[in-house]
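# Per-entry structural report
Here's the letter readout for the chains.
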Amino acid sequence: MIPLVPLAVLIPLVGAALALTVPGHRRLQQAITLFSLTAVVVLSGALMIIVDAHGTLVMEVGGWAAPFGIALVVDRLSALMLAVSAVVLLGVFLFSIGQGLADGDDDTPVSIYYPTYLVLGAGVFNAFIAGDLFNLYVGFEILLVASYVLITLSGTAQRIRAGVTYVIVSLVSSVLFLAGIGLVYGATGTVNMAQLTVRIAELPSEIQLLLNLTLLIAFGIKAAVFPLAFWLPDSYPTAPAPVTAVFAGLLTKVGVYAIIRTQTQLFPDSSVDRLLLIVAGLTLLVGILGAVSQLDIKRLLSFTLISHIGYMIFGIGMANSAGFAATIYYIAHHIIVQTTLFLAVGLVERQGGTTAIPGLGGLMRSAPLVAILFFIPMLNLGGIPPFSGFIGKLGLFTVAADVATPEAYWLMGVGALVSLLTLYALARAWVLAFWRTPAKVTENAGAESRAPKPTTTEALMLRDREQALFERLQDAPGAPQQAEQKDIPRLMFGATAGMVVVSIALTVFAGPLYAYATRAGENVAHPERMVEQVLGSNPESDSGPGGGSGDTQPQEGGVDE
Amino acid sequence: MTMPLVLVAVMVVLYACGVYLMLDRSLTRLLLGFLLVGNATNLLIFLMSGSFGAAPISSDATAEEMSDPLPQAFILTAIVITFGVSAFLLALIYRSWRLAQDHDDRVQDDETDQEIATTRALAATEVTDDDLAETHEYEELDDTSADSNAEANASANANANAEASANANANRGSGEPGEVRS
């Protein structure tokens, strides 16, 4: 079973390499991508079953024993994240095929799209199965570099502007993460997470706190928690619909996953839990207040994305196995539902020509199916009872009631309020976009009132080219109306409907899934078992002198004796 | 552990200069700042390897005399990543500079963001209770095609009102249409 583990990363990487060797053969590239992603879906499903039945899988890359070589670890949490993200990647990929075929995008430079998409997948999977901190960093970098390319795809002015913000913020967080790894290595002499469990516990608590905060800030930027989240609604909405969907579903969750790992495996008895709860409450509130005030559905959804990260941090901050279980279920739910919503907005954009709420209206009549496809995940995200959003929130609130600290009670209130406001924000968008009288957005004189800035000839020329690009790309918000009123291809519908079905399946199979999440939560709440599995039954004997960095070992550590 | 003071000082200076440059709005300085901070971090990892000694693995020194090879491997990886990202950033900055109207490589503001701050009322103004009252139920509209003219007129008026305000808002709400047309 262990040889299956690295395949999760290798299949997409090999697929990306193959797709790169056949530029211009769009069909072939699509076939390769489709095959790779389907294979990963099957593989991750198999891993989920195997890991659940037989326990954690540990792969020692190159045969080097665990503390020295690179370990790839798949436990229940990793397997679930792999499966969910593989499903999301496949669904969004089908959506983007549908969109691409309909637009006849042969001229746009998207022969890079499919390989980059696969590399993004490889990075995400690598981060999920990383058994050491540096491999996690490499996984992050793979997915980030792929995401830089995807977010600036076709290089229009809007996307470059958004891309610059995104790239710079991500770079800052990467540098912080790398510095954090350096500090962790300096303090403990290892980056293997299982060995870190043992060694960090031996450090003085101030040093633990310092390391914990460094890593938390680095991951917090990636996960978009409150004070570090302002880059997200700025940069995500400008990307093409499928790219935004996959970013919203996966990238922030990789950050949350990393926070779970650091809080459980590296700092199991950390002193920042109260801080996490406060941050969770602020993330929930600030995010949703941002969402309520937005005029653009994509930006609105980006803010709800930030807000709901707060629920996950809430579960982590409660720091018990039930809390982790609730968070794990919530992550699975949120990845699927948030992606589905962004895909549905892609359909809205295709149908109505824009995602700005003032420019939309009467879509219920022209596209009733889109209305339904937006409506179901909307109720789901808002936490209406039969759906998985309700189950996830119920799980969190139950744990909070058991924890019964003042912070937990406060957060229950905030969480319920945010759930209501989510529903309000989304319902407002839905009513305005679908239900009101069709408001035709025509060319109007008001546009000219925008004072034209002085332009150079080169900028003008680029603008012309950009406009030509806009006219070909349906996802350009400013494209002329007639170009946008194309029929929505069946595949786009199919992909979105498929994701809706998956999100409903999370509800239908909530019992087994929540039980699985509970077992996964117990796994991560007991890092000592992981230590045993990765390092063997006697971890101390394995950590010989070579594993550390000699003098940087703290005196009271005593690991190297 | 022995930490060479010179290297520590260099690292501190690199961090300070790098962070200072990264706070600038000009993208080129940002890139330079990123390079400095990246190198400072590499130096930090190097310093974290503790004692320094003979070349690891290749030399025939004993394990105690060798430098720790692992941080060096980290640094190599980090350098490769920094290199790739810098190349991408350069391309991004060049593109941004060419697209900017006055050949300016500063970070652009998000217009949508600013417009939300200046919008007087949100989309709610466009749908009043009157508008909703005027709106036909959908099934009703389907089977009453030959309804009274008065109703049609009323709804046409409502439509015109909604249209006007929607247009006004659309221009404020979504930055791109105006920008592309201008």
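Residues numbered from 1 in each chain as written. Chains lettered and ligands numbered in written order. Predicted model: local features only at pLDDT ≥ 70, side-chain atom pairs only at ≥ 80, totals over all residues. Heavy atoms only, no water.

### Remarks on the overall build of chain A
Looking only at helices and strands, chain A features 23 helices and 2 strands. Burial statistics for chain A: of 561 residues in total, 65% are counted as buried. The long-range fraction of contacts in chain A, counting pairs at least 24 apart against all pairs at least 6 apart in sequence, stands at 82%. Accessible surface for chain A amounts to roughly 18,200 Å². Of this, 69% is attributable to carbon and sulfur atoms. (Helix = DSSP H or I, 4+ residues; strand = E, 2+ residues; numbered from the N terminus. Buried < 20%, exposed > 50% of the residue type's maximum accessible area, 1.4 Å probe, protein only. Contact = heavy atoms within 4.5 Å. Areas by Shrake-Rupley, 256 points an atom, 1.4 Å probe, with all protein chains shown as cover.)

### With respect to the pattern of salt bridges
Residues and elements named next belong to chain A. Across all of its chains, the model carries 7 salt bridges over all chains by this definition. Here Asp-52 and Arg-76 are joined by a salt bridge, their closest N and O atoms 2.6 Å apart. Separated by 24 residues along the polypeptide, Asp-52 in helix H2 (residues 26-54) and Arg-76 in helix H3 (residues 76-103) bring together distant segments of the chain. A salt bridge links Glu-349 to Lys-298; the shortest N-O distance between them is 3.7 Å. Here Glu-349, found in helix H13 (residues 321-352), pairs with Lys-298, found in helix H12 (residues 297-318); they are 51 residues apart in sequence, far enough to count as distant. For the residue pair Glu-349 and Lys-298, the accessibility class agrees, reading buried in each case. Put simply, Asp-52, Arg-76 and Arg-519 are held in one network by salt bridges that share partners. (Salt bridge = Lys/Arg side-chain N within 4 Å of Asp/Glu carboxyl O.)

### Structural notes on the confidence of the model for chain A
The share of residues in chain A with pLDDT of 70 or more is 85%, and the mean pLDDT across the chain is 81. Between residues 539-561 of chain A, whose pLDDT stays under 50, and residues either more than four places distant or in other chains, the model counts 51 contacts. (pLDDT = per-residue confidence, 0-100.)

### Some points on the packing of helix H6 (residues 157-188) of chain A against helix H3 (residues 69-99) of chain B
Following both chains from N to C, one finds H6(A) and H3(B) inclined at 165°, their axes separated by 10 Å at the closest point. Taken as axis vectors, H6(A) and H3(B) run roughly antiparallel relative to one another. Classified by chirality, the crossing of H3(B) by H6(A) is left-handed. Counted together, Ala157(A), Ile160(A), Gly163(A), Val164(A), Val167(A), Ile168(A), Leu171(A), Leu178(A) and Tyr185(A) of H6(A) and Leu70(B), Pro71(B), Phe74(B), Ala78(B), Val85(B), Phe88(B), Leu89(B), Leu92(B), Arg95(B), Ser96(B) and Leu99(B) of H3(B) form the full contact between these two elements. Partitioning the contact of H6(A) with H3(B) into residue classes produces 17 nonpolar, 2 polar and 1 charged. (Axes fitted to C-alpha atoms, helices over the stretch in contact; angles between N-to-C directions. Parallel < 35°, antiparallel > 145°, perpendicular 65-115°, else oblique. Left-handed = near helix turned anticlockwise from the far one by under 90°. Nonpolar A, V, L, I, M, F, W, Y, C, P; charged D, E, K, R; others polar.)

### Section: the pairing of strand E2 (residues 71-74) of chain A
A regular strand places its side chains so that they alternate between the two faces of the sheet. All names here are of chain A. In E2, alternate side chains face the same way, and those of Ala-71 and Val-73 on one face and Leu-72 and Val-74 on the other are all buried. One ladder, built from 4 bridges, connects strand E1 (residues 57-60) with E2; its direction is antiparallel. Looking at the pairing, Glu-60 lines up with Ala-71 of E2. (Pairing = 2+ DSSP bridges.)

### Considerations on a nonpolar patch on the surface
A cluster of nonpolar side chains, contributed by Leu7(A), Leu10(A), Val14(A) and Leu18(A), occupies part of the molecular surface with about 320 Å² of accessible area. On the secondary structure map, Leu10(A) appears in helix H1 (residues 4-21). (Patch = residues over 30% accessible without salt bridge, like charges linked within 9 Å, V, L, I, M, F, W, Y side chains within 5 Å.)

### Here's the deal with helix H22 (residues 527-535) of chain A
Residue and element names in this part refer to chain A. Listed as buried for H22 are Pro-527, Met-530, Val-531, Val-534 and Leu-535. All buried residues of H22 fall inside an arc of 105° around its axis, so they share one side. Trailing H22 by a residue or two, Gly-536 shows a phi angle of about 90°, which is positive. (Arc of directions from axis to C-beta.)

### Some remarks on the side chain of Gln294(A)
Note that Gln294(A) resides in the loop between helix H11 (273-292) and H12. Residue classification places Gln294(A) among the buried positions, given a relative accessible area of 3%.

### Some remarks on helix H4 (residues 113-129) of chain A
Its 17 residues place the ends of H4(A) 25 Å apart at the C-alpha level, agreeing with the 24 Å of an ideal helix rising 1.5 Å per residue. Extensive coverage of H4(A) is indicated by the burial of 16 of its 17 residues. (Expected span 1.5 Å × (residues − 1).)

### A closer look at the nonpolar core
Residue and element names in this part refer to chain A. Residues Leu-133, Leu-136, Phe-177 and Phe-374 are the most contacted members of the largest nonpolar core, which totals 199 residues. Sorting elements by how many residues they give to this core places H13 first, with 17 residues. With near-sequence residues (within four places) excluded, Leu-136 lies in contact with Ala-127, Ala-130, Phe-177, Met-193, Phe-219 and Ala-258. Judged by nonpolar contacts, the second largest core, of 9 residues, contains Ala-71, Val-73, Ala-194 and Val-534. (Core = buried A, V, L, I, M, F, W, Y, C linked by side-chain atoms within 4.5 Å.)

### Re the environment of Gly91(A)
All names here are of chain A. As for its position among the elements, Gly-91 is in helix H3. Separated by 56 residues in sequence, Gly-91 and Ser-147 have C-alpha atoms that sit 18 Å apart. The contacts of Gly-91, once residues within four sequence positions are left out, are Ala-495 and Met-499.

### Notes on the confidence of the model for chain B
Detailed reading of the predicted model is not advised wherever pLDDT is low. Residue and element names in this part refer to chain B. The predicted model of chain B has a mean per-residue pLDDT of 71, with 62% of residues at 70 or higher. The lowest-confidence element of chain B is helix H8 (residues 175-181), averaging 38 in pLDDT; the highest-confidence one is helix H1 (residues 5-22), averaging 92. Predicted confidence for residues 138-158 stays below pLDDT 50, and this span has 16 contacts to residues more than four positions away or in other chains. Counting interchain partners and residues more than four positions distant, the pLDDT-below-50 stretch residues 160-182 has 46 contacts.

### Structural notes on the side chain of Thr339(A)
Residues and elements named next belong to chain A. Mapped onto the secondary structure, Thr-339 falls in helix H13. The exposure class of Thr-339 is buried, given its relative accessible area of 0%. Those residues within four positions of Thr-339 in sequence are excluded, and the remaining contacts are Val-88, Val-92, Ala-245, Gly-249, His-334 and Met-499.

### Description of the packing of aromatic side chains
Two aromatic rings, taken as a pair, are described by how far apart their centres are and by the angle between their planes. On inspection of all chains with the given rule, the structure shows 26 aromatic pairs over all chains. Both rings, one in Tyr113(A) and one in Tyr114(A), keep their centres 5.2 Å apart while their planes meet at 80°; by these two values the pair is edge-to-face. On the accessibility criterion, Tyr113(A) (7% relative accessible area) is buried. For Tyr114(A), a relative accessible area of 3% translates into the label buried. Here the aromatic rings of Tyr185(A) and Phe74(B) are separated by 5.8 Å at their centres, their planes lie at 85°, and the arrangement is edge-to-face. Placement of the pair is Tyr185(A) in helix H6 and Phe74(B) in helix H3, with the two residues belonging to separate chains. We classify Tyr185(A) as buried; its relative accessible area is 1%. Judged by relative accessible area, Phe74(B) falls into the buried class, the value being 5%. Through successive ring pairs, a cluster of aromatic residues spans Phe134(A), Tyr137(A), Phe140(A), Phe177(A), Tyr185(A), Phe219(A) and Phe74(B). The lysine or arginine in question, Lys222(A), covers the ring of Phe140(A), its NZ or CZ lying 4.4 Å from the ring centre. (Phe/Tyr/Trp six-rings, centres within 6.5 Å; stacked < 30°, edge-to-face > 60°. Lys NZ or Arg CZ within 6 Å of the ring centre and 35° of its normal.)

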